[in-house]
Structure formats: C-alpha cells, structure tokens
Amino acid sequence: MHQFIAGLPKAELHVHLEGTLEPEHCLALAQRNGISLEHKTPESLIRSYDFCDLSSFLKVYYSGIRVLVTEQDFFELAFRYFQRAASDGVVYVEVFFDPQAHTMRGIPFDVIIQGIHRAQCEARTALGLESNLIMCFLRDQSAESASEHLTMSMPFNDWIVGVGLDSDEKNNPPSKFAKVFSDARDQGYQLTMHCDVNQVNTLDHIRECLDLIKVDRIDHGLNCLEDDQLCSALVERGIGLTICPVSNRFVVQSLTSDAIRSLLQKGVKVTVNSDDPAYFRAYINENLMALIDEGGFTKEDIKRLMTNAFEIAWLPGRLKAKYL
Ligand code: HPA
Ligand code: ZN
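Residues numbered from 1 in each chain as written. Chains lettered and ligands numbered in written order. Predicted model: local features only at pLDDT ≥ 70, side-chain atom pairs only at ≥ 80, totals over all residues.

> So what about the overall build of the chain? Which residues, and what values?
Scanning the chain for helices and strands turns up 17 helices and eight strands. Here the C-alpha atoms of the chain give a radius of gyration of 18 Å, agreeing with the 20 Å that 2.2 N^0.38 yields for 324 residues. The principal-axis extents of the C-alpha atoms in the chain amount to approximately 50 × 45 × 40 Å. When each of the 324 residues of the chain is scored for burial, the buried share is 45%. (Helix = DSSP H or I, 4+ residues; strand = E, 2+ residues; numbered from the N terminus. Rg over C-alpha atoms; globule rule 2.2 N^0.38 Å. Buried ≥ 20, exposed ≤ 12 C-beta atoms within 10 Å, placed from the backbone.)

Right under this line is the structure:
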C-alpha cells in the first residue's frame, strides 16, 4: 500500500504555506532574522504542537509565522514544501497563503508574493511540479482589511487563482465577507472558504457559503452530513470539499474516516489534504495511509478521492485532461 500511495500521481488542494514551516527551518530563520523563540530545539518545538481545538492550533501557527521576513524566507518556505510534495508524488498543488499575517508585521505584500511566485517558477522547471496560489483572508480581521488586501493583490492577479477564508471561525461567518468575495469574483478569482469541523453555527456557515457567497469549493465542510439537503446541493452543484483527516484528528480528536466514506457514498466530491503538515506531522501520503490503516479505505477509494481532486482543481480543462 505504501508503494501504491507513493507512486500515485496526486493533487493537493488544501495546504497552508505557512503551515509547512518545519521546526528546523523555523529555528534557522529565527536565528537569521534575530527573532527570539521560546523553544530552542526542534524537539522542544514539536512537543509544543499539542493542539486540542482550532484556537490552540492557531496560537502556535501565528507564533511560527513571525520568523518569515524576507523575500528569500518566503521563497525557501515555498520551495522546501514543493520539494517535499514532489518527492511524495504530488504533481499539482494549490497553496493557501495568509498575507495579512505578514503585512500586519510590516512585511510588504510584494515581498511575500514575489518570494512564493519565484518558488513556484523554480518548482515547475526543477521539479516538474505545477502549482497555483490561493490568497486567504483572515476571518478574525475586518472586512475592510480583507478588501485592502484584495486591492493589493490586483497587480499580481495573474499569479493568484482564487481567494479563501481561514483563521478563527467563531463569530466570523461567511456573510461578514460577502462584499469582498463578490468583488473578488468580479476580478476573476475562484472562491473558497473554510467551514472547519464542529464549529459554532457550522451548518449556517455552509449554507451561507452556498447560497450567499456562491463558493466554488468549501474547505473542510464535512458537517454537511447533518443535513441531507446540503449534501444534495453540494452534489448537484458539483462543489467539492477539501478534507484534512490528520488535521481533524488534532482539532476534533477524530480522523473522520467514517464521515469521508459517507460523503464518498453520497457522491460528494471529497478530497484528502494535509492542511498544516509541518504542525500536524503528516503530509498528504501520511493522510492517505491513515485512511487505509485506520479507516479501512481501499485502493479504489483512494483513487476516487484523487480523481475528485483533479476534477475540482482550478486548472483549465486542457491541463486537467493530462491528469485524469
Ligand atoms: N483552519 C483555519 N485556519 C487556518 C488553518 C486551519 O486549519 N490553518 C491555517 N489557518
Ligand atoms: Zn485549512
């Protein structure tokens, strides 16, 4: 099974670039940029990755982000992730980045995106890995801040395929961002939003995503299983869910393999992804192996999940055909 998973050409659609910051790299960047960290060794950092819910995770995630300062830092972060992904058999990836988490520390938008874009170009030529970039807005920041970042992105809109919404979901519903997502749509961006598992009002958030924002995809979103009408709407509209099993195990103490199986059976286009692999200590192959080892998934199930990923990828049809 390991060989099958490793050899399968894969697409990943839900991975936060800042969540790929490995502890060794975090410590090296802290030293290079003169930033003091509470933890001084990789082992000590890893011991601090002890999350029980979304907010305890986000605290550690934002603390790690502070070490990213220069264009070269963003290049290295992205290129290292691309190297790992390519060696895991990923052929296409859509990566999220969180510009507000950097601009609020005084890092210019163009420094962030130039570094990431340079890594994408090098990954294409040196690793044969195709990638696209999704700009996420932090939902615990204001809608005005999101709009300002949409404007900042416009000179680089050829480098960005879509916008997403992440960070702390509590009291930050999709409707708060209706205007900026509508503007993003007008600018030609694809739309997705996180509806993390078991959040307060999660079904309302999923409904708003579908009926108000009219998203193209939902990140997580597996609570839709609690409402047959929601599942039917997802199937009818061909809206995919990007699910992250090991992330779920950290955040809601379950791999959610039964839910993933039910979604597959209902014909919802579910996919498997790593979310924040450096923090959850599991890249895409480990997520797939967990479904096989602990969830009883078969090779056919895994192939279906991966076909779903290529089908809902934000790639032009002629490029998609290469993978399907
Ligand atoms: N959920 C919400 N926001 C995030 C996540 C996540 O898993 N990772 C990075 N930002
Ligand atoms: Zn996520």
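> Explain the UniProt feature "binding site: substrate" (unreviewed entry) in the chain to me, and be specific about the residues and the numbers.
UniProt marks Asp276 with the feature "binding site: substrate" (unreviewed entry), using the numbering shown here. Along the chain, the position of Asp276 falls in the loop between β8 (270-272) and α14 (277-280). Here Asp276 falls in the buried class, since 28 other C-beta atoms lie within 10 Å of it. If near-sequence neighbours (up to four positions away) are discounted, Asp276 is found in contact with His16, Gly19, Tyr61 and Ser247. (UniProt positions renumbered as here; feature names shortened; annotations may be inferred. Contact = placed C-beta atoms within 7 Å.)

> So, the sheet that holds strand β1 (residues 10-16): which residues are in play, and what are the values?
Strand order across the open sheet formed by eight strands is β1-β2-β3-β4-β5-β6-β7-β8, with parallel pairing between neighbours. Each having just a single partner strand, β1 and β8 make up the two edges of the open sheet. On average, each strand axis in the sheet is tilted by 25° relative to the strand beside it, whichever way the strands run. One ladder, built from six bridges, connects strand β2 (residues 90-97) with strand β3 (residues 130-138); its direction is parallel. (Pairing = 2+ DSSP bridges. Axes fitted to C-alpha atoms, helices over the stretch in contact; angles between N-to-C directions.)

> Can you explain the UniProt feature "binding site: Zn(2+)" (unreviewed entry) in the chain? Please cite residues and give values.
UniProt annotation of "binding site: Zn(2+)" (unreviewed entry) refers to His14, His16, His194 and Asp275 when read in the numbering used here. Taken together, the annotated residues stretch across 262 residues yet fold into one region, lying no more than 11.7 Å apart by C-alpha. When you line up the elements, His16 lands in strand β1. Sequence-distant contacts of His16, that is, excluding residues within four places in its chain, are made with Phe96, Asp98, Asp275 and Asp276.

> Break down the pairing of strand β7 (residues 240-243) for me, with residues and values.
Taking every second residue as pointing to the same face, both faces of β7 are buried, with Gly240 and Thr242 on one and Leu241 and Ile243 on the other. In the sheet, strand β6 (residues 217-220) pairs with β7 via three bridges, with the strands oriented parallel. Within the sheet, the bridge partner assigned to Ile218 lies in β7 and is Leu241. In this view, the connection linking β6 to its parallel neighbour β7 by way of helix α11 (residues 228-237) has right-handed handedness. (Right-handed = clockwise from strand over helix to strand, strands pointing away.)

> Please give an account of helix α4 (residues 54-65) that cites residues and values.
When the terminal C-alpha atoms of α4 are compared, their 16 Å separation across 12 residues agrees well with the 16 Å that a helix rising 1.5 Å per residue should span. Taken residue by residue, α4 has Leu54, Phe57, Tyr61 and Gly64 as its buried positions. Projected down its long axis, α4 carries its buried residues within an arc of 90°, all on one side. (Expected span 1.5 Å × (residues − 1). Arc of directions from axis to C-beta.)

> Quick rundown of the packing of helix α5 (residues 71-87) against helix α7 (residues 109-127)? Include the residues and the values.
Between α5 and α7, whose axes approach to 7 Å, the crossing angle comes to 35°. Viewed along their axes, α5 and α7 form a crossing whose handedness is right-handed. Side by side, α5 and α7 meet where Glu71, Gln72, Asp73, Phe74, Phe75, Ala78, Phe79, Phe82, Gln83 and Ala86 of the first sit next to Val111, Ile112, Gln114, Gly115, Ile116, Arg118, Ala119, Gln120, Glu122, Ala123 and Leu127 of the second. Considered class by class, the residues forming the contact of α5 with α7 number 12 nonpolar, five polar and four charged. (Left-handed = near helix turned anticlockwise from the far one by under 90°. Nonpolar A, V, L, I, M, F, W, Y, C, P; charged D, E, K, R; others polar.)

> I'd love a proper account of unusual backbone geometry, names of residues and values included.
Here the phi dihedral of His220 falls at roughly 70°; this positive angle occurs in a residue that is not glycine. In this fold, His220 is placed in strand β6. On the neighbour-count criterion, His220 (28 C-beta atoms within 10 Å) is buried. Despite not being glycine, Thr256 has its phi angle at roughly 55°, a positive value. Counting through the fold element by element, Thr256 comes out in the loop between α12 (245-252) and α13 (257-266).

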